[in-house]
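# Structure assessment
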Amino acid sequence: MLLFAIAYLAGMLTILSPCILPVLPFVFTRAETSLLRGILPMLAGMALTFALVATLAAAGGGWVVTVNEIGRAAAVVVLVVLGLSLLSPAVATIVAAPFVALGIRLLPNHETREVNVGGSLLLGVATGLLWAPCAGPVLGLVLTGAALNGANGRTTLLLVAYAAGATTSLAVAVLAGGRVLAVMKRSLGIGERIRQALGIAVLAGVVAIAFGFDTGALARLSYASTAGIEQSLLERFGASPAPVRQEGLALNDATVPAYQSRLPVEGALPALDGATAWLNSAPLTTQSLRGKVVLVDFWTYSCINCIRTLPYLRAWAETYREQGLVVIGVHSPEFAFEKKIDNVKGAIDRFGITYPVAVDNEFRIWRAFRNNYWPALYFVDAEGRIRHHQFGEGGYERSEEVIRELLAEAAGHRPAQADEVAPHASGVEAPPDLAALRSGETYLGYAQATGFRSPQGLGIDQPRNYTIGDLAPNTWGLSGTWTIASDHAEAKAPDAALAYRFEARDLHLVLGPSADGRPVRFRVTLDGSPPGADHGADTNADGYGVIADTRLYQLVRQSGSVRVRRFEIRFLAPGAHAYAFTFG
């Protein structure tokens, strides 16, 4: 008996959920009708239809899915007709006269305001076929029991109690709304406008349901708002889900596991078949990944933010592999040199990446995800649904919590307490000193160049002799002969130099050798002197280093207090390519 009361209360809470919004216009078409002939028949039809369909869906086979989809399609047609009839009976008659007669039958009589009980019941049945409440812990408990025990009277009665709670709160809303509408009509004389507004709202609700907004975007908004209250009810009164995981047609066509995470559903995992190549693995598909928790990381190997994320990705891949986590790197290049497979392979070896990497040179996977960031992490559950994302570096604690939660959901139990990973990150992978960071990413190609201070100005795609001039903080200049292309600057003669006035602990520069692959030696100075203890991972204390391949080089790491410094790199041979500064 206690569970029936909890189901009823949980149903009442659906009025607070955005998932109720698409069906509200259907209900409000009965706002000004009588309680016995209009409101109660409609709500009864809605509640009973919902309970019957949900019972069969939780325990039935594929035929239930087919019949339910046919019923939903028919309900959409009925409610579209209702909406057209409210909006303009004349227009609706032209579109489809016989169907409009059905729509008008659902309306109150224009003169007497009397309604047909059968019409109200039909409207309720149509609404019940379309209503898909956001499944919280209570509804999940009921549906799990139905999946275990089959369709039976107790399951149906629990669903009726849930639906009765929902219709109770809807009845209150309709009765209150009816009074408001009546006052507006009497005082403002806008009865026809209200009728048309209801028609528009009905059609909008049908569109939302037809395109799945009620089970997608609104479900994401809804779950956190009521799930906590429902979970508290279950825990307080000792009702808990059975320890099983059972697939079936839940209200939103979702699996109902024994433990259900409160993470929202952000969409389905897009196809991964757009990759140019796969490294460390045979090609993976959404089908082959079903049953696994998947972490997709969009990265590019010269991106400092991506590089600083790698220690955590490697640690998660290793720590949680046996529990069912698959980490996938999607390498989407920023610069042309990052499209070369050999360069990507070299980066994978250099960073010690052993998990699968999809080479996304044509940005097909990037576009499928509608992604816009490096790095971008997408967390996918065992059913192939995106449940969380992280844009940019950081958020590691929360990301690991999400991984554990999705693994627990897949296993059917609450996540166990465990220590977080603590990866060792050194050199270029070390976390930034954000408190001291005062300089930002700066591109050297003319397409995105900022802060350039050489008095000669940018010469586009042609050699030019430059002088550095005076540099304010976060500005840069060139000396010697350079050609500035759209995405890089190329040193055309020996002794060409590049200077930057910066404030950060770390300075990195994306560099490449000459066009024919010959290494280029260079020397770095800080404020005109060798860096000494402030040298980076790719230079020595005297400031010397070699550009052997195209990648991000760490040239400065200040060992003491961070202050504004004048950085200069001088290339001892022609041909060096410089792309972008980054800091940390």
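Residues numbered from 1 in each chain as written. Predicted model: local features only at pLDDT ≥ 70, side-chain atom pairs only at ≥ 80, totals over all residues. Heavy atoms only, no water.

### Some points on the overall build of the protein
A count of helices and strands for the protein gives 16 helices and 20 strands. Look at the contacts in the protein between residues 6 or more apart in sequence, and 75% of them connect residues 24 or more apart. Counting only carbon and sulfur atoms, one obtains 57% of the accessible surface of the protein, whose full area is about 24900 Å². (Helix = DSSP H or I, 4+ residues; strand = E, 2+ residues; numbered from the N terminus. Contact = heavy atoms within 4.5 Å. Areas by Shrake-Rupley, 256 points an atom, 1.4 Å probe, with all protein chains shown as cover.)

### Description of a nonpolar patch on the surface
Residues Leu-35, Leu-36, Leu-40 and Leu-175 make up a contiguous nonpolar surface patch of about 360 Å² in total accessible area. Here the nonpolar patch takes 3 residues from helix H3 (residues 35-59), the largest share from any one element. With respect to the helices and strands, Leu-36 occurs in helix H3. Among the residues examined, Leu-36 registers a relative accessible area of 66% and is labelled exposed. (Patch = residues over 30% accessible without salt bridge, like charges linked within 9 Å, V, L, I, M, F, W, Y side chains within 5 Å. Salt bridge = Lys/Arg side-chain N within 4 Å of Asp/Glu carboxyl O. Buried < 20%, exposed > 50% of the residue type's maximum accessible area, 1.4 Å probe, protein only.)

### Let's talk about the confidence of the model for the protein
Across the protein, the average pLDDT comes to 78, with 65% of residues at 70 or higher. In the model, residues 57-68 has pLDDT below 50 throughout and makes 15 contacts with residues more than four positions away in sequence or in other chains. (pLDDT = per-residue confidence, 0-100.)

### Re the side chain of Asp-534
Tracing the backbone through its elements, the reader meets Asp-534 in the loop between strand S16 (520-526) and strand S17 (544-547). Sequence-distant contacts of Asp-534, defined by excluding residues within four places in its chain, comprise Leu-526, Leu-555, Val-556, Arg-557, Gln-558, Ser-559, Gly-560 and Arg-565.

### Examining the side chain of Asp-297
Tracing the sequence through the fold places Asp-297 in strand S5 (residues 293-299). For the buried Asp-297, no salt bridge is present, and the opposite-charge side chain at shortest range is Arg-314, 9.9 Å distant. When near neighbours in sequence (up to four residues on either side) are disregarded, Asp-297 contacts Leu-313, Ile-328, Gly-329, Val-330, Pro-375, Ala-376 and Leu-377. (Lys, Arg positive; Asp, Glu negative; His and termini not counted.)

### A word on the pairing of strand S6 (residues 325-331)
Burial of S6 is extensive: 7 of the 7 residues sit out of reach of the surface. What you see with S6 is no split at all: Leu-325, Val-327, Gly-329 and His-331 on one side and Val-326, Ile-328 and Val-330 on the other are buried throughout. Both S5 and S6 contribute to a ladder of 7 bridges, which runs parallel. Along S6, the bridge assignment pairs Val-296 with Ile-328. Bridge analysis of S6 against strand S7 (residues 357-359) gives 3 bridges, and the strand direction is parallel. (Pairing = 2+ DSSP bridges.)

### Notes on the packing of aromatic side chains
A complete count under the given rule lists 23 aromatic pairs for this structure. Plain terms: the ring middles of Phe-452 and Tyr-466 are 5.9 Å apart, the flat faces sit at 80° to each other, and that makes the pair edge-to-face. Taken together, the residues span a long stretch of sequence, with Phe-452 in the loop between strand S10 (442-443) and strand S11 (463-466) and Tyr-466 in strand S11 at a distance of 14 residues. Here the two residues Phe-452 and Tyr-466 agree in accessibility, since each one is buried. Both rings, one in Tyr-500 and one in Phe-581, keep their centres 4.7 Å apart while their planes meet at 55°; by these two values the pair is tilted. Placement of Tyr-500 in strand S14 (residues 497-502) and of Phe-581 in strand S20 (residues 577-583) is noted, with a sequence separation of 81 residues between them. Through a chain of ring-to-ring contacts, three or more aromatic side chains come together here, namely Phe-298, Phe-363, Trp-366, Phe-369, Tyr-373, Trp-374, Tyr-378 and Phe-391. Over the face of the ring belonging to Phe-351 we find Arg-350, whose NZ or CZ atom lies 5.4 Å from the ring centre. (Phe/Tyr/Trp six-rings, centres within 6.5 Å; stacked < 30°, edge-to-face > 60°. Lys NZ or Arg CZ within 6 Å of the ring centre and 35° of its normal.)

### Thoughts on helix H13 (residues 304-319)
A rise of 1.5 Å per residue sets the reference length of H13, with its 16 residues, at 22 Å; its end C-alpha atoms lie 24 Å apart and thus fit the reference within 8%. Of all bends in H13, the biggest is about 35°, found at Leu-310, and the proline Pro-311 comes one to four residues later. Of all 16 residues making up H13, 12 are buried, and the element is well covered by its neighbours. Turning to H13, its buried residues number three or more, namely Ile-304, Cys-306, Ile-307, Arg-308, Thr-309, Leu-310, Pro-311, Tyr-312, Leu-313, Ala-315, Trp-316 and Ala-317. (Expected span 1.5 Å × (residues − 1). Bend = angle between axes of the 7 residues up to and from the residue.)

### A few points about the pattern of salt bridges
Pairing between side chains of opposite charge can happen when the charged atoms of each approach one another. Per the counting criterion, the structure on display carries 20 salt bridges. Salt-bridge contacts for Arg-321 lead to Glu-318; the nearest nitrogen and oxygen are separated by 3.1 Å. A salt bridge links Arg-570 to Asp-495; the shortest N-O distance between them is 3.6 Å. Of this pair, Arg-570 sits in strand S19 (residues 565-571) while Asp-495 sits in the loop between strand S13 (489-491) and S14; the two residues are 75 residues apart in sequence, bridging distant segments of the chain. Here the residues in one salt-bridge network are Asp-381, Arg-385, Arg-387 and Glu-409, joined through shared partners.

### Brief notes about helix H16 (residues 396-411)
Its 16 residues give H16 an end-to-end C-alpha distance of 23 Å, which sits within 8% of 22 Å, the value for a rise of 1.5 Å per residue. Along H16, the residues that are buried comprise Tyr-396, Ser-399, Glu-400, Val-402, Ile-403, Arg-404, Glu-405, Leu-406, Leu-407, Ala-408 and Glu-409. Downstream of H16 by a residue or two, Gly-412 has a phi angle that is positive, lying close to 90°.

### Focus on the nonpolar core
Leu-295, Trp-316 and Leu-325 are the most contacted members of the largest nonpolar core, which totals 43 residues. Taken together, the elements giving at least two residues each to this core come down to S5, H13, S6, helix H14 (341-351), S7, strand S8 (376-380), H16 and S20. Per element, the largest residue contribution to this core is 9 residues, and it comes from H13. Every residue in contact with Leu-325, bar those within four places of it in the chain, is listed here: Val-293, Val-294, Leu-295, Trp-316, Ala-317, Tyr-320, Ile-403 and Leu-407. (Core = buried A, V, L, I, M, F, W, Y, C linked by side-chain atoms within 4.5 Å.)

### Brief notes about the environment of Ser-514
The residue Ser-514 is located in the loop between strand S15 (506-512) and S16 in this model. Residue class for Ser-514 comes out buried when judged on its relative accessible area of 7%. Sequence separation of Ser-514 and Lys-492 is 22 residues, and the distance between their C-alpha atoms is 9.7 Å. Apart from the residues lying within four places of it in its own chain, the contact partners of Ser-514 are Val-520, Pro-574, Gly-575 and His-577. A distance of 2.4 Å separates the side chain of Ser-514 from the side chain of Asp-516, its partner in a polar contact. (Polar contact = N/O pair within 3.5 Å; in protein donor to acceptor, adjacent residues only side chain to side chain.)

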